[in-house]
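Structural description and commentary
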Amino acid sequence: MQPASVATLVSFRLVYLARLREAFGRERETLEIAADRPLTVDAIIDALRGRGGAWASELAQGRAVRFAVNQRLAGRTHPVADGDEIAIFPPVTGG
Amino acid sequence: MSATAPSSGDLHAPERDGRDHVRVQTGDFDAGLEIARLRAGRADIGAIASFIGTVRDVNDAAAVTGLTLEHYPGMTEQALTDIVGEARRRFAILDALVVHRVGALRPGDQIVLVVITSAHRGTAFDACEYVMDMLKTRAPFWKKERTPQGDRWVEARASDDAAAGRW
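Procedures and definitions
Residues numbered from 1 in each chain as written. Chains lettered and ligands numbered in written order. Predicted model: local features only at pLDDT ≥ 70, side-chain atom pairs only at ≥ 80, totals over all residues. Heavy atoms only, no water. Phe/Tyr/Trp six-rings, centres within 6.5 Å; stacked < 30°, edge-to-face > 60°. Helix = DSSP H or I, 4+ residues; strand = E, 2+ residues; numbered from the N terminus. Buried < 20%, exposed > 50% of the residue type's maximum accessible area, 1.4 Å probe, protein only. Lys NZ or Arg CZ within 6 Å of the ring centre and 35° of its normal. Contact = heavy atoms within 4.5 Å. Buried area = accessible area lost by both parts, 1.4 Å probe. Salt bridge = Lys/Arg side-chain N within 4 Å of Asp/Glu carboxyl O. Pairing = 2+ DSSP bridges. Core = buried A, V, L, I, M, F, W, Y, C linked by side-chain atoms within 4.5 Å. pLDDT = per-residue confidence, 0-100. Axes fitted to C-alpha atoms, helices over the stretch in contact; angles between N-to-C directions. Polar contact = N/O pair within 3.5 Å; in protein donor to acceptor, adjacent residues only side chain to side chain.

1. A word on the packing of aromatic side chains
Residues and elements named next belong to chain A.
- Applying the stated criterion across every chain yields a total of 7 aromatic pairs over all chains.
- Arranged with centres 5.4 Å apart and planes meeting at 70°, the rings of Y16 and W55 form a pair that is edge-to-face. Of this pair, Y16 sits in strand β1 (residues 8-16) while W55 is found in helix α3 (residues 53-58), placing the two residues 39 residues apart along the sequence.
- For Y16, a relative accessible area of 0% puts it in the buried group.
- Overall, the relative accessible area of 9% leaves W55 in the buried class.
- Here the aromatic cluster, defined as three or more aromatic residues joined through ring pairs, consists of Y16, F24 and W55.
- Sitting over the ring of W55, R51 keeps its end group 4.5 Å from the ring centre.

The following block contains the structure:
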């Protein structure tokens, strides 16, 4: 029987910075998601939240978290594609 | 080790139009020297506005004995270049320079330098403030303070978002 849609495995390079790097205990990793439709930043957040613990609490609704896709600031609805670099970090505090 | 000015070589790394300068560095900077370099060889400048941010020894009612600045290599330079580019589109400026330090800093140390040159002062003041407001909310830097009670990440301020929002 033919499935309604075929999921393909897409791979993202994740980068964690500052307080979130410490909370997650890692600086970067590769995340693979089986997707049957175009994905946005939200899909990555959902996948990470599913790990529970610090992932669920730091990325919970209402927490101040910022994202960059391929090193440009991006919102949660920004599209992401195979091979993209997605950075996750707290609001910036330079200057 | 005493602070030394960067060699002229890294100052003149050509940007897209050969005039905008953005640098992220661990070493200190000399504002006078940087301004002199922006002014060199041109007489069309009528106004120069500059901003220097420095490390305070107190924040949120706690003593601060040091600061570590983290950044996102690659994105940081791109974000600063974008901010300067947008400032150039919005204001009739002649030149812009942004220098931001990263790594371990102590109270009294310089953190950031913004210099804007233009024909008239209003433009220079506005563009300098614009660049700092955008840098505070869009450039990927994070401060971690050292205090007698331990290290802590600096929280972003709503007033910085408000300042950036007025542009």
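2. A word on the interface of chain A and chain B
- Contact with chain A, which involves 19 residues of that partner, is made by 27 residues of chain B.
- Approximately 1,900 Å² of surface area, both sides summed, lies buried where chain A meets chain B, with 56% of it carried by carbon and sulfur atoms.
- Interface area lost by chain A to chain B is led by V92, T93 and G95 of chain A, which between them contribute 34%.
- Taken together, the links from chain A to chain B amount to 3 salt bridges.

3. Re the pairing of strand β8 (residues 110-118) of chain B
Residue and element names in this part refer to chain B.
- Most of β8 is tucked away, with 9 of its 9 residues classed as buried.
- With 8 bridges joining them, strand β2 (residues 47-54) and β8 adopt antiparallel strand pairing. Pairing of F51 across the sheet is with V114, part of β8.
- Inspection of the sheet shows strand β6 (residues 93-101) paired to β8 by 7 bridges, in the antiparallel sense.

4. Looking at the nonpolar core
All names here are of chain B.
- Among the nonpolar cores identified, the biggest contains 31 residues, and V114, I116 and V131 are the most heavily contacted of them.
- Where this core is concerned, the elements lending two or more residues are β2, β5 (66-71), α3 (75-90), β6, β8 and α4 (121-138).
- When neighbours within four sequence positions are excluded, V131 is seen to be in contact with I83, A87, V98, V114 and I116.

5. A few points about the confidence of the model for chain B
Residue and element names in this part refer to chain B.
- Chain-level pLDDT for chain B is 89 on average; 88% of the residues reach the 70-or-more range.
- Of the regions scoring below 50 in pLDDT, residues 1-19 engages in 27 contacts with residues more than four places distant in sequence or in other chains.
- Scored as a whole, the predicted complex attains pTM 0.89, and scored at its interfaces, ipTM 0.92.

6. Focus on the sheet that holds strand β10 (residues 150-153) of chain B
Residue and element names in this part refer to chain B.
- Reading across the sheet, the 4 strands line up as β7-β5-β9-β10 and stay open at both edges, with antiparallel pairing between neighbours. The sheet is open, and its two borders are formed by β7 (103-105) and β10, each paired with just one other strand. The sheet shows a mean angle of 25° between the axes of neighbouring strands, direction not considered.
- Pairing analysis gives 3 bridges linking β5 to β7, with the strands arranged antiparallel. Looking at β7, one finds that L67 is bridged to L105.

7. Quick look at the side chain of E145 of chain B
All names here are of chain B.
- Relative to the helices and strands, E145 is located in strand β9 (residues 141-147).
- A distance of 2.6 Å separates a polar atom in the side chain of E145 from a polar atom in the side chain of N59.
- Look past the residues within four positions of E145 in its chain and what remains in contact with it is N59, V64, G66, L67, G150, D151, R152 and V154.

8. Things to note about the side chain of R23 of chain B
- Topologically, R23 of chain B is positioned in strand β1 (residues 21-25).
- In terms of polar contacts, R23 of chain B uses its side chain to reach the side chain of E34 of chain B, at 2.9 Å.

9. Some details on the environment of R90 of chain B
Residues and elements named next belong to chain B.
- Within the secondary structure, R90 sits in helix α3.
- Residue classification places R90 among the partly exposed positions, given a relative accessible area of 40%.
- Between the alpha carbons of R90 and A63 there is a distance of 39 Å; along the sequence they are 27 residues apart.
- Leave out the neighbours within four places in its chain, and R90 touches Y130 and W167.
- In this structure the side chain of R90 is engaged in a polar contact, spanning 3.5 Å, whose partner is the side chain of Y130.
- A polar side-chain atom of R90 sits 2.9 Å from the main-chain carbonyl oxygen of W167.

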